Amino acid sequence: MSRHARAVLVLAIAFGWFGAVPLAQAACTVASTGVAFGVYSPASATALQGTGTVSVTCDNYLVSVQVQLDDGGAGGFANRYMNSGIEKLFYQLYTDSGYTTIFGDGTNGTSDVTCLTGWTSGGCSGIFSLTATQRMYGLVPAGQNVAVGSYSDTIRVAITF
């Protein structure tokens, strides 16, 4: 009999306003969608994938915005996990669909992302838009023996512009 767990990553927003845009002061807001992984089966030999987004909207074009994610309180980016009571379901967030670059704060082997409003580059989309959007790619490794439950984590997003 296979056991299933529902895994959902919830992103919380933490605002970090540091710096200014050359020639003009900008005002920006940030929004995100959670990464919904769906139902995890410990019996499956396939990793579970999910996607979400972080979007930054500014009142000017060509605002350079650095986007950083924290480790969710896991004590390190290599150890991100979702909780269901005392159970832990390990996962990771990446900046790319090939799952090669860990989305973090630029420390300990992670990368942050710099987006430019009104332009599409470096994984951020937003050409001719005041909103720059970076997709997050989530991966829950196969083979984790966890109890049935609803698993979640909270990741803080910081932006610098």
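Residues numbered from 1 in each chain as written. Predicted model: local features only at pLDDT ≥ 70, side-chain atom pairs only at ≥ 80, totals over all residues. Heavy atoms only, no water.

Quick notes on the overall build of the protein chain
No. 1: On a plain count of helices and strands, the protein chain comes out with zero helices and 13 strands.
No. 2: Listed by position from the N terminus, the elements making up the protein chain come as β-β-β-β-β-β-β-β-β-β-β-β-β.
No. 3: Burial analysis of the protein chain (161 residues in total) assigns 41% to the buried set.
No. 4: For the protein chain, restricting intrachain contacts to residue pairs at least 6 apart in sequence, the fraction spanning at least 24 positions comes to 72%. (Helix = DSSP H or I, 4+ residues; strand = E, 2+ residues; numbered from the N terminus. Buried < 20%, exposed > 50% of the residue type's maximum accessible area, 1.4 Å probe, protein only. Contact = heavy atoms within 4.5 Å.)

Focus: the environment of T57
No. 1: Turning to its location among the elements, T57 is positioned in strand β4 (residues 48-58).
No. 2: On the accessibility criterion, T57 (33% relative accessible area) is partly exposed.
No. 3: A polar atom in the side chain of T57 sits 2.6 Å from the side chain of T131. (Polar contact = N/O pair within 3.5 Å; in protein donor to acceptor, adjacent residues only side chain to side chain.)

Focus: the side chain of Q92
No. 1: Considering the arrangement of structural elements, one finds Q92 in strand β8 (residues 92-94).
No. 2: Take Q92: its relative accessible area is 7%, and that puts it in the buried class.
No. 3: A distance of 2.8 Å separates the side chain of Q92 from the side chain of R80, its partner in a polar contact.
No. 4: Non-local contacts of Q92, meaning those with residues more than four positions away in its chain, are made with F77, A78, R80, I102, Y137, G138 and L139.

Focus on the state of the cysteines
No. 1: Summed over the entire model, instances satisfying the criterion amount to one disulfide.
No. 2: One disulfide in the model links C28 with C58; its S-S distance is 2.0 Å. Sign of the S-S torsion, about 105 degrees for the bond between C28 and C58, identifies this disulfide as right-handed. One end of the pair, C28, is in strand β2 (residues 28-32); the other, C58, is in strand β4, with 30 residues separating them in the sequence. This pair shows no difference in class: C28 is buried, exactly as C58 is. (Disulfide = S-S within 2.5 Å.)

Observations concerning the environment of L130
No. 1: Within the secondary structure layout, L130 lies in the loop between β10 (124-125) and β11 (131-140).
No. 2: Spatially, the C-alpha atom of L130 lies 6.5 Å from that of D59, the residues being 71 residues apart in sequence.
No. 3: The contact partners of L130, leaving out residues within four places of it in the chain, are V56, T57, C58, D59, N60, Y61 and T117.

Considering the packing of aromatic side chains
No. 1: Applying the stated criterion across every chain, the model contains three aromatic pairs.
No. 2: Centre to centre, the rings of Y94 and Y99 are 5.5 Å apart; their planes meet at 85 degrees, and the pair counts as edge-to-face.
No. 3: Judged by relative accessible area, Y94 falls into the buried class, the value being 12%.
No. 4: Geometry around Y81 places K88 over its ring, the cationic atom sitting 4.5 Å from the centre. (Phe/Tyr/Trp six-rings, centres within 6.5 Å; stacked < 30°, edge-to-face > 60°. Lys NZ or Arg CZ within 6 Å of the ring centre and 35° of its normal.)

As for the nonpolar core
No. 1: If you look at the biggest cluster of nonpolar residues, it comprises 31 residues, and the most contacted ones within it are C28, V56, V65, V67, L69, V140 and I159.
No. 2: When residues of this core are traced back to their parent elements, those giving at least two are β2, β3 (35-40), β4, β5 (64-69), β9 (113-116), β11 and β13 (154-160).
No. 3: When residues in this core are grouped by element, the largest group, four residues, is from β4. (Core = buried A, V, L, I, M, F, W, Y, C linked by side-chain atoms within 4.5 Å.)

A short note on the environment of R80
No. 1: Relative to the elements of secondary structure, R80 occurs in the loop between β5 and β6 (81-84).
No. 2: For the pair R80 and D153, spaced 73 residues apart in sequence, the C-alpha to C-alpha distance is 8.6 Å.
No. 3: Sequence-distant contacts of R80, that is, excluding residues within four places in its chain, are made with L69, D70, D71, A74, F90, Y91, Q92, L93, I102, F103, G104 and I155.
No. 4: Of the polar contacts made by the side chain of R80, one reaches the backbone oxygen of F103; its length is 2.8 Å.

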